[in-house]
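Listed below are the residues making up each chain.
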Amino acid sequence: MTDVRVGADGIPRCAWVGDDPEYTRYHDEEWGRPLHGDRALFEKLSLEGFQAGLSWITILRKRPRFREAFAGFEPSLVARFDEVDIGRLLADAGIVRNRLKIEATISNARLVEAMDEGDLDALMWSFAPATWPRPASFADVTATTAESDAMSKALRRRGFRFVGSTTMYALMQSAGMVDDHVEGCWRAE
């Protein structure tokens, strides 16, 4: 696979997009764009945790149902989920039905809820590097960085779960904390 692929629309994109319309939309409109706000970052944190061991396109396709099932990822609402909600979620074929990931999402929501407004955003963005080199190819993109290691450790110290360094680096990419659009992609600015 080459690192950049020209789509049917004539636009060069990171090759991981392929031909999938949902991936194309995600790449063009979301991936690598700065994302702020506790609710938005809690959703991203949760979905990246659910993605562990799965493909991102699986999560992306299930995202609308995840949003419904998890009350729009509003931390104050998810923090109140109980065993009845866990049972409901485990029975919902529209999401990833993994008890540990479901329980981690609820536990993480409680941690976010205990923080002051804006603290999750500030904490996560504090690990974004001031500058980031544009990758010439996917070979230049690593699975973890010193920053994702540090973010993972800081979140774990606070009690967050499913926040390993690889998961946090994927979050940093998708939330625009780093920009890994390769050279030649139209989004590489």
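No experiment lies behind these values; they were computed from the predicted model shown. (Residues numbered from 1 in each chain as written. Predicted model: local features only at pLDDT ≥ 70, side-chain atom pairs only at ≥ 80, totals over all residues. Heavy atoms only, no water.)

**Digging into empty space enclosed by the protein**
For step 1, the next point in the chain: The final tally for this structure, using the stated rule, is one cavity of 30 Å³ or more.
For step 2, the next point in the chain: If you add up the space inside the largest cavity, you get close to 50 Å³.
For step 3, the next point in the chain: Lining of the largest cavity is provided by Leu 45, Ser 46, Gly 49, Phe 50, Lys 101, Ala 104, Thr 105, Asn 108, Arg 161 and Phe 162.
For step 4, the next point in the chain: Its residues assigned to classes, the lining of the largest cavity shows four nonpolar, four polar and two charged. (1 Å grid on protein atoms, 1.4 Å probe; cavity = no way out; pocket = protein on both sides within 12 Å on 5 of 7 lines; lining within 4 Å. Points joined across faces, edges and corners; volume = space filled by probe spheres on them. Nonpolar A, V, L, I, M, F, W, Y, C, P; charged D, E, K, R; others polar.)

**Re the UniProt feature "binding site: Zn(2+)" (unreviewed entry) in the chain**
For step 1, the next point in the chain: Following the UniProt record, the feature "binding site: Zn(2+)" (unreviewed entry) maps to Cys 14, His 27, His 181 and Cys 185 here. On the basis of their most widely separated C-alpha atoms, the annotated residues across 172 residues gather in one place, lying no more than 10.3 Å apart.
For step 2, the next point in the chain: Among the structural elements, Cys 14 can be located in strand 2 (residues 12–14).
For step 3, the next point in the chain: On the accessibility criterion, Cys 14 (1% relative accessible area) is buried.
For step 4, the next point in the chain: Excluding anything up to four places from it in sequence, Cys 14 contacts Asp 3, His 27, Trp 31, Phe 138, His 181, Val 182 and Cys 185.
For step 5, the next point in the chain: Mapping His 27 onto the fold places it in helix 1 (residues 21–29).
For step 6, the next point in the chain: For His 27, a relative accessible area of 0% puts it in the buried group.
For step 7, the next point in the chain: Ignoring sequence-local partners within four residues, the contact set of His 27 consists of Arg 13, Cys 14, Trp 16, Val 17, His 181, Cys 185, Trp 186 and Arg 187. (UniProt positions renumbered as here; feature names shortened; annotations may be inferred. Helix = DSSP H or I, 4+ residues; strand = E, 2+ residues; numbered from the N terminus. Buried < 20%, exposed > 50% of the residue type's maximum accessible area, 1.4 Å probe, protein only. Contact = heavy atoms within 4.5 Å.)

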